[in-house]
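Listed below, chain by chain, are the residues.
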Amino acid sequence: MKEIYMDNAATTRVSERVIKKAPEILRDTYHNPSSIYRGAQMAKAEIEKVREDLAKSLNANPKEIYFTSGGTESDNWAIRGVAEKKGQGHIITSSIEHHAVLHTCEYLEKQGFSVSYLPVDDKGLVSIEDVAKEIRDDTILISIMYANNEIGTVQPIAEIGRLARDKDILFHTDAVQAFGKLDIDVNLENIDLLSLSAHKLHGLKGTGALYVRKGIRLENLIQGGAQEKKKRAGTENVMGILALGEAMRESYEERDEKNRVVRGWREHLIDTLLAEIPYSRLNGDREKRLPGNVNISFRFIEGESLLMLLEKEGILASSGSACTSGSLDPSHVLLAIGLPHEIAHGSLRISLDYTENDEGQIEHLISVLPGIVERLRNLSPLYEDYLKGEN
């Protein structure tokens, strides 16, 4: 059975353009970019070209882009870098951040920093008023993700950035899910630090970047050599960086049309599943949403069983973040938007991608999912008791 991959928020298949270019990069651009001979300088020039293109996509300056090992490192460096440079202070974040942010904040709390974890509404949106209420004289950083990795909700980043700028507070956003899909302008949106990752847009795992606005000083997360303007030690991942550049350029080609198509699939999927499967609900904001995100909770079933039966139909999806897939606890994001444990456990996240999916796959999912949900509910004593109560 042909695999139907619908878990693109977890990772994406490497772009065919990257695969075709990889042998050339591995064969001809293997030199250490820090060396002085011709081949090394050619490798360095290729890295700088990617840096320039990446900066252009964010309306940033190339000197403000630092390559990292991915979104987790970028989040850690942004938050710890600010905190450790300041020495003490207060940080504001949200209750639905990726664990790369939440666990970093928890670590800093143990070091004596104070952290406010903002609530969200039932759609997963942070309130500007709540951000403003939490600002204190010692607030040093606000870190709010651009778009949520589980429910797809896109936050009011420009408004939060404006508030932070007016209060002279640094603003970081985890844009791992948004980069390559949404328009991001670090100047218009008053973003001071931004994290991104290559493998969410058909690049290679182990590569990412951190945007740091000019004039902001961070403590180094990694000590060692003089790479990345002496701020991020370690021999550059030439293959990963060049693959990020190729994947990024491809993601921006006809992006508006790609997003239009994917949104169409998303809306069709949401409308049909909610209409055909009773006792289901959409999680996240219907409008302020990533193009390919569908997150629906089905009452009276367990998400793990749902995923296993979908895989038997060739469909790969998830019930939440891949970073917590080994946990038996329900999603912290779904709990934060007000779902009780028993409903949060029965969630399904479908994340669609223009180059990976097509209409036929969407229709196949629609054809099998209602039957799978019904089958699982028929095995549930909770569902049986509920129906008896209704009757």
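Just above sits the structure.
Read on for a plain summary of the structure. It should be emphasised that the depicted structure is a prediction, and the values quoted were computed from it without experimental measurement.

**Some points on the packing of aromatic side chains**
Right, on to step 1. According to the stated counting rule, one finds seven aromatic pairs in the structure shown.
Right, on to step 2. Each ring, one from Tyr279 and one from Tyr383, has its centre 6.3 Å from the other, and the planes form 75 degrees; the classification is edge-to-face. Note that Tyr279 is positioned in the loop between α9 (255–276) and β9 (280–282) and Tyr383 in helix α14 (residues 381–390), a separation of 104 residues in sequence.
Right, on to step 3. A residue is classified by how much of its surface remains accessible, and Tyr279, at 23% relative accessible area, is partly exposed.
Right, on to step 4. On the accessibility criterion, Tyr383 (13% relative accessible area) is buried.
Right, on to step 5. Ring centres 5.2 Å apart and planes at 50 degrees place the aromatic pair Phe300 and Tyr383 in the tilted group. Of this pair, Phe300 sits in the loop between β10 (293–298) and α10 (303–312) while Tyr383 sits in helix α14; the two residues are 83 residues apart in sequence, bridging distant segments of the chain.
Right, on to step 6. Through a chain of ring-to-ring contacts, the aromatic side chains of Tyr279, Phe300, Tyr383 and Tyr386 assemble into a single cluster.
Right, on to step 7. Between the NZ or CZ atom of Arg299 and the centre of the ring of Tyr386, over which it lies, the distance is 4.9 Å.

**Some points on unusual backbone geometry**
Right, on to step 1. Residues other than glycine seldom take positive phi values, yet Asp168 does so here, at roughly 60 degrees.
Right, on to step 2. Relative to the assigned elements, Asp168 resides in the loop between α6 (157–166) and β6 (170–174).
Right, on to step 3. At Phe300, a position not held by glycine, the phi torsion is positive, near 75 degrees.
Right, on to step 4. Taking relative accessible area as the criterion, Phe300 reaches 14% and is therefore assigned buried.

**Topic: the sheet that holds strand β3 (residues 90–94)**
Right, on to step 1. Spatial ordering of the open sheet is given by β2-β8-β7-β6-β5-β3-β4, a layout of seven strands whose pairing is mixed. Of all the strands in the sheet, just β2 (65–68) and β4 (114–118) have a single pairing partner and so form its edges. Each adjacent strand pair in this sheet contributes to an overall mean axis angle of 20 degrees, direction not counted.
Right, on to step 2. When β3 meets β4, the two strands line up parallel, connected through five bridges. Across the sheet, residue Ile91 finds its bridge partner in β4, namely Val115.
Right, on to step 3. Contacts between helix α3 (residues 71–86) and the sheet are confined to β2, β3, β5 (139–143), β6, β7 (193–197) and β8 (208–212), with β7 contributing the most and set at about 160 degrees to the helix.

**Thoughts on the pairing of β2**
Right, on to step 1. Here β2 shows no split at all, with Ile65 and Phe67 on one side and Tyr66 and Thr68 on the other all buried.
Right, on to step 2. The pairing of β2 with β8 spans four bridges and is classified as antiparallel. Residue pairing for β8: Ile65 is matched across the bridge by Tyr211.

Cut-offs used in this document
Here the residue numbers are simple positions, counted from 1 along each chain's written sequence. The predicted origin of the model limits local features to residues at a pLDDT of at least 70 and limits the giving and counting of side-chain atom pairs to 80 or more, whereas totals for whole chains, interfaces and linings rest on all residues. To obtain the side-chain values, all non-hydrogen atoms of the structure were included, while hydrogens and water were left out. Note on aromatic contacts: the rings of Phe and Tyr and the six-membered ring of Trp form a pair at centre separations within 6.5 Å, being stacked when their planes are under 30 degrees apart, edge-to-face when over 60 apart, and tilted otherwise. Each helix is a run of DSSP H or I of at least 4 residues and each strand a run of E of at least 2, with the numbering of both proceeding from the N terminus. Whether a residue is buried, partly exposed or exposed follows from its accessible area with a 1.4 Å probe, protein chains only, as a fraction of its type maximum: under 20%, in between, or over 50%, in that order. Sitting over a ring, as applied to charges here, requires NZ of Lys or CZ of Arg to be within 6 Å of the ring centre and within 35 degrees of the ring normal. In this scheme, strands are said to pair when DSSP sees at least two bridges between them. To obtain each axis, a line is fitted to C-alpha atoms, and for helices this fit is confined to the stretch in contact; angles are then taken between N-to-C directions over 0 to 180 degrees. Whether two residues are in contact is decided by their heavy atoms, any of which lying within 4.5 Å being enough.

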